[in-house]
Amino acid sequence: MWTRRNVLQSLGAGAGLVAVPAPIRRALAAAEPDLVLRLTAQRAELPLWPGAKTAVLRYFGQVLHGRADGLKPSPGYLGPTLELRRGERVRIEFRNRLAEPSIIHWHGMIVPETADGHPRFAVGPGGEYVYEFTVRNPAGTYLYHPHPHGRTGAQVYWGLAGLVIVREAEERAYGLPGPEHELSLVIQDRRVDDDQFVLKRMMMDDMNGVLGDTVLVNGAPDAAFMVTPRPWRLRLANVSNARIYKLAWSDGRPLRVIATDNGLLSAGEGVQTRPYVVLGPFERVELLEDFGERRPGAEITLLSGEFADVGMMDMMGGMMGRGMGGMMSGMMGPAQGKEMTLARFTVAAAARTPRETLRLPPSEAPPQGRHELYTRLAFRHMQGFLNGRRFEMEAVADDERLPLGEGTVWTFANDGGGMAMPHPMHIHGVRFRILERSRGDAPADLREGLVDAGFKDTFLIFPGERVRVLVAPTEPGLFMYHCHNLEHEDGGMMRNCRFGTGPSA
Ligand SMILES: [Cu+2]
């Protein structure tokens with residue numbers, strides 16, 4: 001139940017009850033939510049490799065009220081998967097049992113300002129925070145992870161993250177495989193030494209972001225799945241601090257993309273078939289994969305294909321000579337673009353189940369882009385800048401304000417000088433369309449795998465690129481936009497944005 005204490009907490013320190021905004025007052029007056037969950041962040045140990053226990057941080061979950069299947073346990077160190085239904089009213093009680101401040105952000109979810117997990121709402125050790133929201137997002141694959149300022153990278157790295165899957169009844173009518181024929185793959189890389197995760201060894205990690213030599217899927221190494229020869233829905237999420245994956249099948253078959261970050265592609269867009277799919281940190285993609293097209297007993301690997309390093313490693317190698325570059329590479333794990341095995345699939349010997357006809361949902365009419373914003377990205381002196389600025393907890397500039405309910409064309413340009421590197425940009429509290437990506441600037445060996453269709457909440461922007469997105473916020477308040485390379489984010493490549501009118505700060 002709401003108490004005076006947690007209302008105050010969810011509004012930020014210092015707000016009196018008189019300041020409780022109307023939507024919160026309505027929520028307080030409303031009936032019990034459909035689903036009440038508790039997530040507790042705490043230290044844990046689990047046997048990821050034989051004969052040893054790996055120290056992690058982990059979300060533990062409990063259903064306090066409502067559907068028992070609202071949480072699904074994860075086999076590895078990840079938090080439980082939140083299985084939500086569109087339209088459902090949800091309350092989530094977060095308990096921080098870490099030794100440092102934390103707060104949860106529901107990545108990709110369109111929730112009220114006070115439920116978004118802005119770092120100003122972080123609670124200290126022993127603290128609690130109560131989230132209330134109605135599930136507005138369409139069926140899709142979303143995420144949750146910590147968002148305290150300066151500590152997001154470390155907390156995610158040690159294991160704090162989980163999936164949010166939103167379902168709706170209409171999905172069966174689309175001809176998609178049902179929940180019993182879907183698999184989620186949360187892809188992460190870690191540096192592992194003596195069965196323990198190792199975080200940050202040098203300054204370079206703040207520039208490149210932390211890159212690992214070991215891939216974990218769903219919080220465990222050596223992912224392997226047995227699949228029946230039929231269509232499967234695969235939900236792929238990149239929850240790595242910094243690594244970009246070039247997803248491909250080892251047998252060279254193309255990937256059939258049916259959804260991007262914020263739900264299914266529309267009938268107008270259709271299935272996007274690609275030889276490989278590029279997935280930046282915290283982007284998601286859903287594939288419709290017909291394993292019936294392979295022979296029974298076939299073994300296929302989902303891998304990350306090779307591409308020219310888009311990070312700093314090559315440049316440092318060039319500056320210091322190959323030996324130095326090589327040595328640093330050895331200490332830091334493989335650079336961006338090294339081939340890696342992600343997961344193995346074995347096709348069971350069974351009768352093939354044919355595909356259903358896919359009927360993707362109708363297109364939504366886009367809002368008109370009545371307003372324009374422009375943000376220039378730069379990375380200089382080890383720090384990321386957005387229009388020359390860095391994160392300040394309450395600050396919003398004039399070029400960070402978007403009107404509610406109307407379209408804004410927001411142009412991001414990765415040409416602000418300094419280190420040339422890709423940045424996965426994320427905007428909280430909205431889903432948006434990518435209108436345009438400047439031609440010829442994405443690396444030639446990644447270009448074909450960029451899927452800019454559908455509704456997005458995170459997108460990669462390569463050096464020299466300009467990407468124009470169309471945003472129409474629906475939730476008023478102070479939200480944020482930032483680079484989702486977690487080391488860049490923690491280093492201050494993050495800013496507030498305000499939706500609707502509100503005070504300057
Ligand atoms: Cu960045």
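Residues numbered from 1 in each chain as written. Predicted model: local features only at pLDDT ≥ 70, side-chain atom pairs only at ≥ 80, totals over all residues. Heavy atoms only, no water.

With that settled, the discussion passes to the sheet that holds strand 7 (residues 128–134). Strand pairs in the sheet, formed through backbone hydrogen bonds, run parallel or antiparallel to each other. Across the sheet, four strands lie side by side as 2-1-5-7; this open sheet has mixed pairing. Because the sheet does not close on itself, it has two edges, and the strands there are strand 2 (54–65) and strand 7. Between one strand and the next, the sheet's axes are offset by a mean angle of 20°, whatever the strand orientation. Sheet topology places strand 1 (residues 35–46) next to strand 2; eleven bridges connect them, and they run antiparallel. Across the sheet, Glu45 pairs through a bridge with Ala55, a residue of strand 2. (Pairing = 2+ DSSP bridges. Helix = DSSP H or I, 4+ residues; strand = E, 2+ residues; numbered from the N terminus. Axes fitted to C-alpha atoms, helices over the stretch in contact; angles between N-to-C directions.)

A separate point is the pattern of salt bridges. A pair can form between side chains of opposite charge whenever their charged atoms are brought close. Throughout the structure, instances matching the rule amount to 43 salt bridges. Note that Lys456 is salt-bridged to Glu283, the shortest N-O span being 2.7 Å. Here Lys456 is found in the loop between strand 29 (432–437) and strand 30 (458–461), whereas its partner Glu283 is found in the loop between strand 20 (277–279) and strand 21 (284–290), with 173 residues between them in sequence. Put simply, Arg376 and Asp415 hold a salt bridge, and the shortest N to O gap is 2.8 Å. One end of the pair, Arg376, is in strand 24 (residues 369–380); the other, Asp415, is in the loop between strand 27 (407–413) and strand 28 (423–427), and 39 residues separate them in sequence. Among the residues examined, Arg376 registers a relative accessible area of 37% and is labelled partly exposed. A single salt-bridge network, built from bridges that share partners, covers Lys72, Glu83, Arg167, Glu171, Glu182, Arg233, Arg235 and Glu286. (Salt bridge = Lys/Arg side-chain N within 4 Å of Asp/Glu carboxyl O. Buried < 20%, exposed > 50% of the residue type's maximum accessible area, 1.4 Å probe, protein only.)

Per-residue pLDDT for the protein chain has a mean of 91; in total, 89% of the residues score no lower than 70. Across residues 1–18, where pLDDT falls below 50, the model places 30 contacts with residues more than four positions away in sequence or in other chains. A low-confidence stretch, residues 313–330 stays under pLDDT 50, and its non-local contacts, those more than four residues away or across chains, total 14 contacts. (pLDDT = per-residue confidence, 0-100. Contact = heavy atoms within 4.5 Å.)

This brings us to the packing of aromatic side chains. Think of a pair of aromatic rings as described by two things: how far the centres are apart, and how the planes are tilted against each other in angle. Counted by the stated rule, this structure contains 19 aromatic pairs. Seen from their ring centres, Trp106 and Tyr131 are 5.1 Å apart, and the 85° between their planes marks the pair as edge-to-face. Note that Trp106 is positioned in strand 6 (residues 104–107) and Tyr131 in strand 7, a separation of 25 residues in sequence. For the pair Trp106 and Tyr131, one class covers both residues: buried. Arg190 extends its terminal NZ or CZ atom over the ring of Tyr157, reaching a point 4.5 Å from the ring centre. Between Arg431 and the ring centre of Phe455, over which it is positioned, the NZ or CZ distance is 3.7 Å. (Phe/Tyr/Trp six-rings, centres within 6.5 Å; stacked < 30°, edge-to-face > 60°. Lys NZ or Arg CZ within 6 Å of the ring centre and 35° of its normal.)

Right, let's talk about the sheet that holds strand 9 (residues 162–167) for a bit. If you trace the five strands from one edge of the open sheet to the other, you get 3-4-9-8-6, paired in mixed fashion. The sheet is open, and its two edges are formed by strand 3 (71–72) and strand 6, each paired on a single side.

With that settled, consider the coordination of the copper ion. At the metal site, the copper ion is ligated by His423 (ND1), Cys483 (SG) and His488 (ND1), and these contacts range over 2.0 to 2.1 Å. Look at where the donors of the copper ion fall in the sequence and you get H-x59-C-x4-H. With His423 in strand 28 and His488 in helix 7 (residues 486–490), this residue pair connects regions lying 65 residues apart in the sequence. Summarising the burial analysis for this pair, His423 and His488 share the class buried. (Donors = N, O, S within 2.8 Å, 3.2 Å for Na, K, Ca; no water.)

Leu185, Leu236, Leu247, Trp249, Phe291 and Phe345 are the most contacted members of the largest nonpolar core, which has 33 residues in total. Per-element accounting of this core gives the leading share, five residues, to strand 23 (residues 340–347). Among residues more than four places away in sequence, those in contact with Phe345 are Leu183, Leu185, Phe225, Val227, Trp249, Phe291, Ala298, Glu299, Ile300 and Leu302. Among the nonpolar cores identified, the runner-up in size contains 30 residues, and Tyr131, Phe133, Val135 and Tyr144 belong to it. (Core = buried A, V, L, I, M, F, W, Y, C linked by side-chain atoms within 4.5 Å.)

Relative to strand 23, strand 14 (residues 223–227) is paired through five bridges, and the arrangement is parallel. Counterpart to Phe225 in the pairing with strand 23 is Phe345. Of the strand pairs in this sheet, strand 22 (residues 299–304) and strand 23 are connected by six bridges, and their pairing is antiparallel. Paired with Glu299 across the strands is Thr346, a residue of strand 23.

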